[in-house]
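Now for the letters of each chain:
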Amino acid sequence: MKRIVTIQDISCVGKCSLTVALPVISAMGIETSVLPTALLSAHTMFSGYTYKDLTDQIRPITEHWKKEGFSFDAIYTGYLGSFEQIRLVSDLFDEFRTDDNLIIVDPVMGDNGKLYPGFDEDYAKENTKLCAGADLILPNLTEASCMTGIPYKTQYDRAYIMDLLEALCALGPKYAVLTGISFDSDRIGVMGLDAETHQSFEYYTGRIPTGYHGTGDVFSSTVTGALVRGRSLGDALRIACEYTKDTMEYTYRTRGENAYSVDFEVTIPELVRMINE
């Protein structure tokens, strides 16, 4: 059985980060190991949540893994809360990288033109070091802008997206994929670039008229699982776009705009069908 390790925070209530990655990747028939970077009572959409930093556990955990001889077919990172966590995870890349495994970075740090609370431009620049060691990075427009220095835009054309992708590839990853790309009001999707061949690719689905916490985690986890299952990058992006859209569509139909997260659990059978067809 293939094995992925995913490195990000865990919320006791709320569907995002590890509480999305673990069930989604497991449902795709892959052993899913976890390295929690922080423990929250509930995700950050709720007020008054507790937060326990787990930075001091990262090195002891990875040292035990090395002692036991564990290896991973993919290393997948999400939210990292500090410069020290970025440094430790960069070290983990070096220690567990092989000729055959994949390193996938979702550089979670902001959205809608703003960095999340507690992050600044220096943090964004530090994240570029993590991206340099990745096979695939999956930023949104805000994150891409912060890492490349290209001004964030809400109205853009293909030339602007290609400039961002070229700048992202210049950071060092083999592939860069921008999420949340839309050139019209009815469709949304992804555009990507192969750093070596400069071949671009894209995929779009219908737009759901709202947003939900954790949809980026659904998308990135699905891409990671599909790649480890042997799908091409283009096919992995297609599956992830369709599954994320189906999940948002179901949540919107059954719970409207005010759900605190997407009901990905209900649509997992559809994901299993897509990954096995």
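Below or above, wherever it landed, is the structure these notes cover. (Residues numbered from 1 in each chain as written. Predicted model: local features only at pLDDT ≥ 70, side-chain atom pairs only at ≥ 80, totals over all residues. Heavy atoms only, no water.)

### Regarding unusual backbone geometry
Part 1 of the argument: Positioned with a positive phi, Ser17 is a non-glycine residue whose angle comes to about 50 degrees.
Part 2 of the argument: Ser17 gets classed as buried once you look at its relative accessible area, which sits at 6%.
Part 3 of the argument: Phi is positive for His198, close to 65 degrees, though the residue is something other than glycine. (Buried < 20%, exposed > 50% of the residue type's maximum accessible area, 1.4 Å probe, protein only.)

### Some remarks on the nonpolar core
Part 1 of the argument: One finds Ile75, Ile161 and Leu178 to be the most contacted residues of the largest nonpolar core, which totals 43 residues.
Part 2 of the argument: Dropping the residues within four chain positions of it, Ile75 is found in contact with Val5, Ile7, Leu92, Phe93, Phe96, Asn101, Leu102, Ile103 and Ile104.
Part 3 of the argument: Within the second largest apolar cluster, 37 residues are counted, among which are Val177, Leu233, Ile268 and Met274. (Core = buried A, V, L, I, M, F, W, Y, C linked by side-chain atoms within 4.5 Å. Contact = heavy atoms within 4.5 Å.)

### What about the side chain of Asn127?
Part 1 of the argument: Relative to the helices and strands, Asn127 resides in helix α4 (residues 121-132).
Part 2 of the argument: Setting aside anything within four residues of it in sequence, one finds Asn127 in contact with Ile86, Pro107, Met109 and Met147. (Helix = DSSP H or I, 4+ residues; strand = E, 2+ residues; numbered from the N terminus.)

### A look at helix α3 (residues 83-96)
Part 1 of the argument: Compared with an ideal rise of 1.5 Å per residue, which puts 14 residues at 20 Å, α3 spans 20 Å between its outermost C-alpha atoms and is within 8% of the ideal.
Part 2 of the argument: Residues of α3 that are buried: Gln85, Ile86, Leu88, Val89, Ser90, Leu92, Phe93 and Phe96. (Expected span 1.5 Å × (residues − 1).)

### Re the environment of Thr62
Part 1 of the argument: Considering the arrangement of structural elements, one finds Thr62 in helix α2 (residues 55-68).
Part 2 of the argument: The class for Thr62 is buried, based on a relative accessible area of 2%.
Part 3 of the argument: Sequence separation of Thr62 and Ser90 is 28 residues, and the distance between their C-alpha atoms is 12 Å.
Part 4 of the argument: Once you skip the residues sitting within four places of it in the chain, Thr62 turns out to touch Leu35, Leu92 and Phe96.

### Observations concerning the pairing of strand β1 (residues 3-13)
Here is the key point about a regular strand: its side chains alternate between the two faces of the sheet.
Part 1 of the argument: Among the eleven residues of β1, eight are classified as buried, and the element is accordingly described as predominantly covered.
Part 2 of the argument: In the sheet, β1 pairs with strand β2 (residues 31-42) via nine bridges, with the strands oriented parallel. Residue pairing across strands places Ile4 opposite Thr32, the latter belonging to β2.
Part 3 of the argument: Assessed by its sense of winding, the connection that carries the chain from β1 through helix α1 (residues 18-27) to β2 is right-handed.
Part 4 of the argument: One ladder, built from four bridges, connects β1 with strand β4 (residues 74-77); its direction is parallel. Bridge assignment links Val5 to a residue of β4, and that residue is Ile75. (Pairing = 2+ DSSP bridges. Right-handed = clockwise from strand over helix to strand, strands pointing away.)

### A closer look at the environment of Ile61
Part 1 of the argument: Structurally, Ile61 is set in helix α2.
Part 2 of the argument: Considered as a pair, Ile61 and Leu35 are 26 residues apart in the sequence and their alpha carbons are 7.9 Å apart.

### Side note on the packing of aromatic side chains
Part 1 of the argument: One pass over the structure, following the stated rule, counts ten aromatic pairs.
Part 2 of the argument: When the centroid spacing of 3.9 Å and the interplanar angle of 0 degrees are considered together, the rings of Phe119 and Tyr123 count as stacked. The pair formed by Phe119 and Tyr123 is uniform in burial state, with each residue classed as buried.
Part 3 of the argument: Pairwise contacts between aromatic rings join Tyr79, Phe83, Phe119 and Tyr123 into one cluster.
Part 4 of the argument: Above the face of the Phe183 ring, Arg158 is positioned so that its terminal group lies 4.7 Å from the ring centre.
Part 5 of the argument: The aromatic ring of Tyr260 is capped on one face by Arg255, whose charged end is 5.7 Å from the ring centroid. (Phe/Tyr/Trp six-rings, centres within 6.5 Å; stacked < 30°, edge-to-face > 60°. Lys NZ or Arg CZ within 6 Å of the ring centre and 35° of its normal.)

### Observations regarding the packing of helix α8 (residues 233-255) against helix α9 (residues 264-276)
Part 1 of the argument: Orientation of α8 relative to α9, taken along the N-to-C sense of each, is 155 degrees, at an axis distance of 9 Å. As the angle between them shows, α8 and α9 are arranged roughly antiparallel. Both α8 and α9 take part in a crossing whose hand is right-handed. Only Phe264, Val266, Thr267, Ile268, Glu270, Leu271, Met274 and Ile275 of α9 make contact with α8, whose side of the interface consists of Ile239, Glu242, Tyr243, Asp246, Thr247 and Tyr250.
Part 2 of the argument: Residues that form the contact of α8 with α9 fall into these classes: nine nonpolar, two polar and three charged. (Axes fitted to C-alpha atoms, helices over the stretch in contact; angles between N-to-C directions. Parallel < 35°, antiparallel > 145°, perpendicular 65-115°, else oblique. Left-handed = near helix turned anticlockwise from the far one by under 90°. Nonpolar A, V, L, I, M, F, W, Y, C, P; charged D, E, K, R; others polar.)

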